[in-house]
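Residues per chain, in single letters:
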Amino acid sequence: DKKNTLIGLVGEYDILNALRKGMNLRKTLAYEIMTQEVVSIKEDTMMAEVIDHLQSQHLIRVPVVDAQGKLIGLVARRDILGAYFESTFGPLPSF
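Now for a quick tour of the structure. Note that the structure is a prediction, hence the values are computed from the model and not measured.

Quick notes on the rules
- Residues numbered from 1 in each chain as written.
- Predicted model: local features only at pLDDT ≥ 70, side-chain atom pairs only at ≥ 80, totals over all residues.
- Heavy atoms only, no water.
- Helix = DSSP H or I, 4+ residues; strand = E, 2+ residues; numbered from the N terminus.
- Rg over C-alpha atoms; globule rule 2.2 N^0.38 Å.
- Buried < 20%, exposed > 50% of the residue type's maximum accessible area, 1.4 Å probe, protein only.
- Contact = heavy atoms within 4.5 Å.
- Areas by Shrake-Rupley, 256 points an atom, 1.4 Å probe, with all protein chains shown as cover.
- 1 Å grid on protein atoms, 1.4 Å probe; cavity = no way out; pocket = protein on both sides within 12 Å on 5 of 7 lines; lining within 4 Å.
- Points joined across faces, edges and corners; volume = space filled by probe spheres on them.
- Pairing = 2+ DSSP bridges.
- Phe/Tyr/Trp six-rings, centres within 6.5 Å; stacked < 30°, edge-to-face > 60°.

1. A word on the overall build of the chain
- The number of helices and strands found in the chain is four helices and three strands.
- Overall, the chain shows an N-to-C arrangement of helices and strands of α-α-β-α-β-β-α.
- In terms of overall size, the chain is more extended than a compact globule, its C-alpha atoms giving a radius of gyration of 16 Å where 95 residues would be expected to give roughly 12 Å.
- In terms of its C-alpha atoms, the chain occupies a principal-axis envelope of roughly 45 × 35 × 25 Å.
- Across the 95 residues that make up the chain, the buried fraction comes to 23%.
- Contacts spanning at least 24 positions in sequence make up 38% of the contacts within the chain whose residues lie at least 6 apart.
- Element-wise, carbon and sulfur atoms account for 57% of the exposed surface of the chain, whose accessible area totals about 7,600 Å².

See the structure below:
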């Protein structure tokens, strides 16, 4: 919304579901297909808990909100794996 409060999220699942229903994405508004009950984490959530959320709820990414519920970022599985591999093996080659 206008205060940057997280009110929904449009992910791959939502877009594929809309396409399966025959919706014209050029004429579809985000709120029409977004997931409204969004799982989010607070900015001070420990990474082990973030990983638990991602794994247990089969998420690819999870929004990060501050104490007021304002969206401040997004953590993806890829971010966590990349940080782990770089901290363990050094800089990763770019392809």
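More follows now that the structure is in view.
2. A closer look at the layout of surface pockets
- When its volume is computed, the largest pocket comes out at roughly 350 Å³.
- The wall of the largest pocket is formed by 16 residues, among which Leu9, Gly11, Asp14, Leu59 and Arg61 lie closest to the centre.
- At the level of secondary structure, the elements contributing two or more residues to the lining of the largest pocket comprise helix H1 (12-20) and strand E2 (61-65).
- When residues of the lining of the largest pocket are assigned to their parent elements, the largest contribution, three residues, is made by H1.

3. Comments concerning the pairing of E2
- Judged by how many residues are buried, E2 sits mostly within the fold: four of five residues are covered.
- Where strand E1 (residues 41-42) and E2 come together, two bridges link them in parallel fashion. Along E2, the bridge assignment pairs Lys42 with Val65.
- In terms of strand pairing, E2 meets strand E3 (residues 71-76) through five bridges, oriented antiparallel.

4. What about the environment of Asp44?
- Tracing the backbone shows Asp44 in the loop between E1 and helix H3 (47-56).
- On a C-alpha basis, the gap between Asp44 and Gln68 in space is 13 Å, while along the polypeptide they are 24 residues apart.

5. Section: the packing of aromatic side chains
- Per the stated rule, a full pass over the model turns up two aromatic pairs.
- With centroids separated by 5.4 Å and ring planes inclined at 70 degrees, the aromatic side chains of Tyr84 and Phe85 adopt a geometry described as edge-to-face.
- By relative accessible area, Tyr84 is classed as partly exposed at 46%.
- On the numbers, 5.8 Å between centres and 20 degrees between planes, the contact of Phe85 with Phe89 is stacked. With a gap of four residues between them, Phe85 and Phe89 both fall in helix H4 (residues 77-89), about one helical turn apart.
- Since its relative accessible area comes to 35%, Phe85 is described here as partly exposed.
- Owing to a relative accessible area of 59%, Phe89 belongs among the exposed residues under this scheme.
- One aromatic cluster in this structure is built from Tyr84, Phe85 and Phe89.

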